[in-house]
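Letter by letter, the chains look like this.
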Amino acid sequence: MSADSLRAALEGTAADLLAYFERRVLVREDAADLLAEVMLQAWRRVDQLPEAAERRRMWLFTIAAHVLSNQRRASRRRTALAERVRHHLTESHIPDHAEALSVQAAVRDLAAAHRELIMLVHWDGLSLAEAAELLGLNPSTARSRYSAARQALRVALAEIAEGAVVAVPAAARGAAAE
């Protein structure tokens, strides 16, 4: 079929298709987007346009019904995803502000080489091997620095927890590793 036949069918049916969508969507502005999708799909399938003029209207409404079904499925998926994310966020442990500040202070007080390694692994989610590669370290060097960094952080956090915030000795922070 020709593009002219499709253009005529769309021009004759567009208002009815728009009304069809407006009666079925919650947000009226979505109706125009759905109509545009019908037009796009019809253009892509112009070779399937019925020869009989009276069948073209039903062909377009069939496309419209499929577009509406796809839109509803996508909406359900988005809603389900948003609900899963919302549930995950409410179930996640969110430390209190003082706890977060204490951890940040303890990490900030680590030696620079240890601090970056701890942040890459624990805050940025990199594996130890990925962090080593990013920092240009030999994997075995990264493992030993990470072990020392964890120990220094453990000491610092224990002191904070005891309420005796005492400066961590340079040897415990791994200053020799720099």
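Engineer: What should I look at first to understand the nonpolar core in this one?
Structural biologist: Soluble globular proteins: nonpolar side chains tend toward being buried together. By size, the foremost hydrophobic cluster in this structure holds 22 residues, and its most contacted members are Leu6, Leu17, Phe21, Val38, Trp59 and Leu60. Contributing elements (two or more residues each) for this core: helix H1 (3-22), helix H2 (29-44) and helix H3 (53-91). For Trp59, the residues in contact, after removing those within four places along its chain, are Leu6, Ala42, Arg45, Gln48, Leu49 and Pro50. Counting residues in each nonpolar core, the second largest holds 13 residues, with Ala106, Leu110, Leu117 and Val121 among its members.

Engineer: How should a nonpolar patch on the surface be read in this particular structure?
Structural biologist: Taken together, the side chains of Leu81, Val85 and Leu89 present a nonpolar region at the surface, about 270 Å² in accessible area. For Leu89, the location among the structural elements is in helix H3. On the basis of relative accessibility, which here comes to 52%, the residue Leu89 falls in the exposed class.

Engineer: Could you clarify how one ought to interpret the packing of aromatic side chains in this entry?
Structural biologist: The geometry of an aromatic ring pair comes down to the distance between the two centres and the angle between the two planes. Tallied over the full model, the rule gives 2 aromatic pairs. Where Tyr20 meets Phe61, the ring centres are 5.5 Å apart and the plane angle is 90 degrees; that geometry is what we call edge-to-face. Taken as a pair, Tyr20 in helix H1 and Phe61 in helix H3 lie far apart in primary sequence, 41 residues in all. By relative accessible area, which is 16% here, Phe61 ends up buried. Cluster of aromatic residues (ring-pair linked, three or more members): Tyr20, Phe21 and Phe61.

Engineer: So what exactly am I meant to see when it comes to a positive patch on the surface here?
Structural biologist: On the surface, a cluster of positive charge is made up of Arg23, Arg24, Arg72, Arg73, Arg76, Arg77 and Arg78. With respect to the helices, strands and loops of the structure, Arg24 is situated in the loop between H1 and H2. A relative accessible area of 37% places Arg24 in the partly exposed class.

Thresholds applied
- Residues numbered from 1 in each chain as written.
- Predicted model: local features only at pLDDT ≥ 70, side-chain atom pairs only at ≥ 80, totals over all residues.
- Heavy atoms only, no water.
- Core = buried A, V, L, I, M, F, W, Y, C linked by side-chain atoms within 4.5 Å.
- Buried < 20%, exposed > 50% of the residue type's maximum accessible area, 1.4 Å probe, protein only.
- Helix = DSSP H or I, 4+ residues; strand = E, 2+ residues; numbered from the N terminus.
- Contact = heavy atoms within 4.5 Å.
- Patch = residues over 30% accessible without salt bridge, like charges linked within 9 Å, V, L, I, M, F, W, Y side chains within 5 Å.
- Areas by Shrake-Rupley, 256 points an atom, 1.4 Å probe, with all protein chains shown as cover.
- Salt bridge = Lys/Arg side-chain N within 4 Å of Asp/Glu carboxyl O.
- Phe/Tyr/Trp six-rings, centres within 6.5 Å; stacked < 30°, edge-to-face > 60°.
- Lys, Arg positive; Asp, Glu negative; His and termini not counted.
- Charge placed at Lys NZ, Arg CZ, Asp CG, Glu CD.

None of the figures reported here should be taken as evidence of function without further support.
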